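# Descriptive structure summary
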Amino acid sequence: MLIGIILLVLIAGCSSSSPAGKNPANITPVPTQSGPCMDKACFIAAANDCRDLNVTISEDTGTFTYSSSGACIFTKTLVSLNASESRQIRNVLEGKNMTCMYTRGKFDPRLVTSLVGGIEYCRGDLKDGLARLVIFT
Amino acid sequence: MLRSARGFLIILAFFIVPVAADASASPWSWNKYAGTSQWDVTITEDESYCGGGITTNRVSLSINHDFSNAKMGNVGHGEAPGTFISNNILHMPSRPVSETTGSSTLSAYDIYFTTDCSAFAGKYSWVYHGEGGYTCRGSTALSGVNSKGCPGVKEIPSVAPGVTPSVATQIASARKDLNSDLILRDLHEQVGNYATLIDRPGSGASAGEIADTKQLLTDITNDIQQREPPIEDKYNAILSTDPNNFWANWDMAELKKAQRNYPEYFRYTEKALANKNIAREKAEEVRKNIAGGLGISDFPTTQNSYFIKRMSTDADAIQSVYGIDAGKGEPDTEKLRIFAFWNQPYDAVNVVGLPK
């Protein structure tokens, strides 16, 4: 749900004609699809085609939401880490996201299959957190 | 968008302002000072994803120092307490703030001060929570200048006429220019992304807004193109006499990364990391700084964190970064190498500090 809202805001922010600032009235809803396409392989194919899609997947490290949009924008949100992770690491990463712009047909699948692969072209708190933590690997 | 363009011209003017000459033989440490410092601060707020745009404002700001603790005056989100995690890096923790309607959550971030006390820079992101579940995100960048130099320290000319400056002084001077450039590069990327988003069918942006944004991007590009050759000249002058210098090679690598010249980025990084003793020492410093900044008392490891273990596995499996075969680094320096892969050039440059 949260990522859907963020995606709507992301797109709507681009359609703003004047800098009003934090004004919900400027936001134009954009439909977000969800359906039977709920695994990584299906999501990667949809993202590569720049289709609107949100998928939330529980993995061994935690729960992630992957979103793609018609504007070829990918967003990855780390919803929650496993409870066994320390509070400090959870504070750094949980609820954070990163956004990556790409060209249709050139989506990097590592953004979905890996924790760090392909993030060099992304921006956001999740990328910043991962980039810092990698010194401890 | 015109407002953004005007704001950006102010930023350009700010970066062109000459700052005080590099001063003392022993660099200043803000974490050893108690008192008040005064700054002229340029605030660049990006509300592109919140129905707004990129705006710039300038304010006078006080920072109250109490050795390792400091409280920064209001830059739009109220007074902010922070802690110095090294001599000249002030860490500001994440915190919630109330807005006119709703609230925002500010990210943790670091403010980097130059050792001659002439400038600082930092940037945080925020998430705004409005009515009816409305949420959006943005960022606030801060660039401060202080023409008075370090408190209680007489300004000393950096180099007497006819005397060759030390390598450390040369690097400090080049680093100062590089920091300004890298902040500009980051803004260039943000404006470029914004231009890409609005310049597509169905974006709803007016032709005027698109044109203004593209013009803004051109202006930034032109400024960068004027700014970078002298910076490279400074680093090349250092490398001509000290070709293996860790800091000069590291900084040049990050400049090349910012320029998206990735083969050169890798080349300079490898030259920097060939200084194995310094690289090992810097990796340890970075670990301490990152842990301190994140409020982590015990270092996470592949043994005590499954997430770190998975990151390690994934990082080891990486074959290409920036479209280039990343290869494998030396065991001693590999972590610092991959740390630099994904950190923003500004952060990667400043996290290694300056030579003593």
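The rules behind the values
- Residues numbered from 1 in each chain as written.
- Chains lettered and ligands numbered in written order.
- Predicted model: local features only at pLDDT ≥ 70, side-chain atom pairs only at ≥ 80, totals over all residues.
- Heavy atoms only, no water.
- Helix = DSSP H or I, 4+ residues; strand = E, 2+ residues; numbered from the N terminus.
- Buried < 20%, exposed > 50% of the residue type's maximum accessible area, 1.4 Å probe, protein only.
- Areas by Shrake-Rupley, 256 points an atom, 1.4 Å probe, with all protein chains shown as cover.
- Contact = heavy atoms within 4.5 Å.
- Buried area = accessible area lost by both parts, 1.4 Å probe.
- Salt bridge = Lys/Arg side-chain N within 4 Å of Asp/Glu carboxyl O.
- Polar contact = N/O pair within 3.5 Å; in protein donor to acceptor, adjacent residues only side chain to side chain.
- Nonpolar A, V, L, I, M, F, W, Y, C, P; charged D, E, K, R; others polar.
- Core = buried A, V, L, I, M, F, W, Y, C linked by side-chain atoms within 4.5 Å.
- Axes fitted to C-alpha atoms, helices over the stretch in contact; angles between N-to-C directions.
- Parallel < 35°, antiparallel > 145°, perpendicular 65-115°, else oblique.
- Left-handed = near helix turned anticlockwise from the far one by under 90°.
- Pairing = 2+ DSSP bridges.
- Phe/Tyr/Trp six-rings, centres within 6.5 Å; stacked < 30°, edge-to-face > 60°.
- Lys NZ or Arg CZ within 6 Å of the ring centre and 35° of its normal.

### Description of the overall build of chain B
Across its full length, chain B holds 9 helices and 12 strands. Burial statistics for chain B: of 356 residues in total, 54% are counted as buried. Just so you have it, chain B exposes about 15,200 Å², and 53% of that area is on carbon and sulfur atoms.

### Focus: helix α5 (residues 125–133) of chain A
Residues lying three or four places apart along an α-helix face the same way, a consequence of the helix completing one turn every 3.6 residues. Among the 9 residues of α5 of chain A, 7 are classified as buried, and the element is accordingly described as predominantly covered. Those residues of α5 of chain A that fall on the buried side of the exposure criterion are Leu126, Lys127, Gly129, Leu130, Ala131, Arg132 and Leu133 of chain A.

### Side note on the interface of chain A and chain B
Reports often express the size of an interface as the amount of accessible area lost when the parts come together. Contacts between the two partners involve 55 residues from chain A and, on the opposite side, 73 residues from chain B. Carbon and sulfur atoms make up 62% of the area that chain A and chain B hide from each other, which totals about 5,500 Å². Where chain A packs against chain B, one counts 4 salt bridges. Notably, a salt bridge pairs Asp186 of chain B with Arg123 of chain A, separated by 3.0 Å at the nearest N-O pair. The interface formed by chain A and chain B holds 16 residue pairs in polar contact (both at pLDDT 80 or more) in total. If you list the elements that add at least two residues to the side of chain A that touches chain B, you get α1 (2–14), β3 (73–81), α3 (87–93), β4 (97–101), α4 (110–113) and α5 of chain A. Residue composition of the side of chain A that touches chain B, by class: 30 nonpolar, 16 polar and 9 charged.

### A word on the nonpolar core
Counting residues in each nonpolar core, the largest one holds 87 residues, and the members touching the most others are Leu93 and Leu133 of chain A together with Trp342 of chain B. Counting residues per element, this core draws most heavily on helix α4 (residues 246–258) of chain B, which supplies 8 residues. Other than its neighbours up to four places away in sequence, Leu93 of chain A contacts Leu78, Leu81, Leu126, Gly129, Leu130 and Leu133 of chain A together with Phe307 of chain B. Of all hydrophobic cores here, the second largest spans 30 residues; its members include Tyr33, Met72, Met92 and Tyr128 of chain B.

### Description of the packing of α4 of chain B against helix α5 (residues 262–273) of chain B
Residues and elements named next belong to chain B. At a minimum axis distance of 8 Å, the contact between α4 and α5 shows a crossing angle of 160°. Compared by their axis directions, α4 and α5 come out roughly antiparallel. Here α4 and α5 pass one another in a crossing that is left-handed. Across the interface between the two elements, Phe246, Asn249, Trp250, Met252, Ala253, Glu254, Lys256 and Lys257 of α4 pack against Tyr262, Glu264, Tyr265, Tyr268, Thr269, Lys271, Ala272 and Leu273 of α5.

### As for the environment of Cys37 of chain A
All names here are of chain A. By the element assignment, Cys37 lies in the loop between α1 and α2 (40–48). With 18 residues separating them in the primary sequence, Cys37 and Val55 have C-alpha atoms 7.7 Å apart. Those residues within four positions of Cys37 in sequence are excluded, and the remaining contacts are Cys42, Phe43, Leu53 and Val55.

### Let's talk about the sheet that holds strand β5 (residues 122–123) of chain A
Residues and elements named next belong to chain A. Strand order in this open sheet of 5 strands is β1-β2-β3-β4-β5, and the pairing throughout is antiparallel. Each edge of the open sheet carries a strand with a single partner, namely β1 (53–58) and β5. Sheet topology places strand β2 (residues 62–68) next to β3; 7 bridges connect them, and they run antiparallel. Considered in β3, the bridge of Phe64 is made with Leu78. In this fold α2 packs onto β1, β2 and β3, with an angle of close to 25° to the strand it touches most, β2.

### Things to note about the packing of aromatic side chains
Inspection of every chain in the model, using the stated rule, returns 26 aromatic pairs over all chains. When the centroid spacing of 5.5 Å and the interplanar angle of 75° are considered together, the rings of Tyr112 of chain B and Tyr346 of chain B count as edge-to-face. Of the two residues, Tyr112 of chain B sits in strand β8 (residues 109–113) while Tyr346 of chain B sits in helix α9 (residues 345–351), which places them 234 residues apart along the sequence. Grouping residues by exposure puts Tyr112 of chain B and Tyr346 of chain B together as buried. Look at Phe341 of chain B and Trp342 of chain B: their rings are 5.7 Å apart centre to centre, the planes differ by 80°, and that puts the pair in the edge-to-face class. Assigned by exposure class, Phe341 of chain B and Trp342 of chain B land together as buried. Chaining the aromatic ring pairs together yields one cluster made of Tyr121 of chain A together with Tyr262, Tyr265, Phe266, Tyr322, Phe341 and Trp342 of chain B. When the ring centre of Tyr268 of chain B is taken as reference, the NZ or CZ atom of Arg267 of chain B above it lies at 4.6 Å.

### Some words on the pairing of strand β4 (residues 80–86) of chain B
Residue and element names in this part refer to chain B. Strand direction decides the pairing type here: strand β3 (residues 69–72) and β4, joined by 4 bridges, are antiparallel. In the strand pairing of β4, Asn69 is matched with Thr83. Pairing geometry for β4 and strand β5 (residues 89–92), over 3 bridges, is antiparallel. Note that in β5 the partner of Ser86 across the bridge is Ile89. Counted along the chain from β4 to the antiparallel partner β5, the turn is 2 residues long.

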